[in-house]
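Observations on the three-dimensional arrangement
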Amino acid sequence: MAFDEAPPFWWQRPGPLAFVLSPLSWIWGAGTVMRMERPPSGSVPVPVLCVGNFIAGGAGKTPTAIAIARVAARKGYKPGFLSRGYGGQLSGPVVVSVEKHRAADVGDEPLLLIREAVTVVSADRPAGAEMLIASGCNFIIMDDGFQNPALAKDYSLLVVDAKRGIGNGFTMPAGPLRAPLARQIGLASAVLIIGDAPGGDRVIRFAARAAKPIYIGKVTAVGKTRWRRRRVFAFAGIADPSKLFDTLKEIGADIAGTRSFPDHHFYTDEEISDLLGKAEETGAELVTTTKDMVRICTMGSTGKSRELAERTEVLEIRLDFEDRRTLDIIIDTAAANAQARQAALP
């Protein structure tokens, strides 16, 4: 089951539609749990750290995966990213190349990840992991794939956006959860709450009862002082475009207008013309996310997309942690778990 755009009722208090769909949710959730709890069909002789989430849609996995890769590299590993390439046409396994591939081929997130480390797109996770090892990687970071049992994982970090949380708390299609929360937390190694809004409180309670480590992070704008009092028209095609709009407001930008698009959206010429027109009408600069810019820049080198890329600035972000030791602890634990897994092999 896939959704191009999450239904609004997922993020509201449970109502009639959620309850009507709840029998289907039970069937969907039971099937997902059965799949998740299967023994892995493949394993590799290096640590595998999965960055996943409980819900359908974004929660901050990609910036988390990038932050992990940077610390892993400083610790002497050669990290590599394993992605299914959501939104792309290639099933792989294929090593992502900025020269060869567009977002339409491999998805937008792999084109962000490849800036940091070797990235492989593969629907077959064990095959993708083997390709990363063949490329010289000795620490694999899975961007998503927590609910996929194919590859043995040594650590599963579940990311939660503190603003959205788990929505209405129902499993798809009645809500955004991929499977019942309690069953998912049981298979998680730790939970990372990004932000300080109350949406993550329910997850924190479940994680605490399950004795799972809980880490806290915050997304921070890079170079935020340069945006103060600048008049901007913001647009985004991510899981929650309001993240961009709220961040710009927090750092003091003068927001002339905003426009939201579905996650992983490819902009049409008509939409681009409208955005350019809005910027002219409001006397504002266009601004978007890094992920949107990757899509825009790989849609074509001429025409409307090129003009939009030239006239749009990117608000870059980074992920900071309440405890600076967080990523060291996670990486070291994943490595120790991998060593134990290998030692237990017959």
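None of the values given here were measured: they were computed from a predicted structure.

**Side note on the side chain of T326**
- Position of T326 among the secondary structure elements: in helix α12 (residues 326–343).
- Excluding residues that lie within four positions of it along the chain, T326 makes contacts with Y215 and F321.

**Things to note about the environment of L187**
- Within the secondary structure, L187 sits in helix α6 (residues 181–187).
- Along the backbone, L187 and E37 are 150 residues apart, and their C-alpha atoms lie at a distance of 8.3 Å.
- If sequence neighbours within four positions are ignored, L187 has contacts with M36, E37, F146 and S156.

**With respect to helix α9 (residues 269–282)**
- Spanning 14 residues, α9 covers 20 Å between terminal C-alpha atoms, matching the ideal 20 Å at 1.5 Å per step.
- Packed against the buried residues of α9 are β9 (231–236), β10 (254–260), β11 (285–288) and α11 (304–310).
- One or two residues past the end of α9 sits G283, with phi positive at roughly 65 degrees.

**Section: empty space enclosed by the protein**
- This model, assessed by the stated rule, comprises one cavity of 30 Å³ or more.
- Approximately 40 Å³ is the volume attributed to the largest cavity.
- Together, N53, F54, I55, A59, V159, V160, D161, G165 and I166 line the largest cavity.

**Digging into the sheet that holds β10**
- Spatially, the four strands line up as an open sheet ordered β10-β9-β11-β12, and their pairing is parallel. Across the chains shown, the open sheet's two edge strands, defined by having one partner strand only, are β10 and β12 (312–314). Between one strand axis and the next, the sheet turns by 30 degrees as a mean value, whatever way the strands run.
- Of the pairings in the sheet, the one linking β11 to β12 comprises three bridges and is parallel in character. Paired with V287 across the bridge in β12 is E313.
- Contacting β9, β10 and β11, helix α8 (residues 242–250) crosses the sheet at an angle of about 160 degrees to β9.

**Examining a nonpolar patch on the surface**
- A cluster of nonpolar side chains, L24, W26 and I27, forms an exposed patch at the surface whose accessible area comes to about 380 Å².
- Relative to the helices and strands, W26 is located in helix α1 (residues 16–36).

**Overview of unusual backbone geometry**
- Cis peptide bonds are those with omega within 30 degrees of zero, and the linkage from M172 to P173 qualifies with 5 degrees.
- With respect to the secondary-structure elements, P173 resides in the loop between β6 (155–161) and α6.
- One non-glycine residue, A211, lies in the positive phi region at around 60 degrees.
- You can see A211 is positioned in the loop between α7 (201–209) and β8 (214–221).
- A residue is classified by how much of its surface remains accessible, and A211, at 65% relative accessible area, is exposed.

**Considerations on helix α5 (residues 125–134)**
- Regarding α5, the residues found buried are R125, P126, G128, A129 and L132. Looking straight down α5, one finds that the buried residues subtend no more than 160 degrees of arc, so they occupy a single side.
- In the core, the buried residues of α5 are packed alongside β2 (79–83), β4 (118–121) and β5 (139–143).
- Remark: G136 follows α5 within two positions and exhibits a positive phi of approximately 100 degrees.

**Overview of the packing of aromatic side chains**
- This structure, assessed with the given rule, holds four aromatic pairs.
- Plain terms: the ring middles of Y77 and F139 are 5.0 Å apart, the flat faces sit at 50 degrees to each other, and that makes the pair tilted. Taken as a pair, Y77 in the loop between α2 (61–74) and β2 and F139 in strand β5 lie far apart in primary sequence, 62 residues in all.
- The exposure class of Y77 is partly exposed, given its relative accessible area of 25%.
- Its relative accessible area of 0% is what places F139 among the buried residues.
- Both rings, one in F235 and one in Y267, keep their centres 5.6 Å apart while their planes meet at 90 degrees; by these two values the pair is edge-to-face. Pair noted here: F235 is in strand β9 and Y267 is in the loop between β10 and α9, with a separation of 32 residues, a long-range link. By the burial criterion, F235 is buried, and Y267 matches it.
- An aromatic cluster of three or more residues is present, and its members are F235, F261 and Y267.
- Here R164 stacks its cationic end above the ring of W11, 3.9 Å away from the centre of that ring.
- Here the basic side chain of R209 rests over the ring of F206, its NZ or CZ set 4.8 Å away from the ring centre.

So, how was this worked out
- Residues numbered from 1 in each chain as written.
- Predicted model: local features only at pLDDT ≥ 70, side-chain atom pairs only at ≥ 80, totals over all residues.
- Heavy atoms only, no water.
- Helix = DSSP H or I, 4+ residues; strand = E, 2+ residues; numbered from the N terminus.
- Contact = heavy atoms within 4.5 Å.
- Expected span 1.5 Å × (residues − 1).
- 1 Å grid on protein atoms, 1.4 Å probe; cavity = no way out; pocket = protein on both sides within 12 Å on 5 of 7 lines; lining within 4 Å.
- Points joined across faces, edges and corners; volume = space filled by probe spheres on them.
- Pairing = 2+ DSSP bridges.
- Axes fitted to C-alpha atoms, helices over the stretch in contact; angles between N-to-C directions.
- Patch = residues over 30% accessible without salt bridge, like charges linked within 9 Å, V, L, I, M, F, W, Y side chains within 5 Å.
- Areas by Shrake-Rupley, 256 points an atom, 1.4 Å probe, with all protein chains shown as cover.
- Salt bridge = Lys/Arg side-chain N within 4 Å of Asp/Glu carboxyl O.
- Buried < 20%, exposed > 50% of the residue type's maximum accessible area, 1.4 Å probe, protein only.
- Arc of directions from axis to C-beta.
- Phe/Tyr/Trp six-rings, centres within 6.5 Å; stacked < 30°, edge-to-face > 60°.
- Lys NZ or Arg CZ within 6 Å of the ring centre and 35° of its normal.

Just geometry here; none of it tells us what the structure is for.
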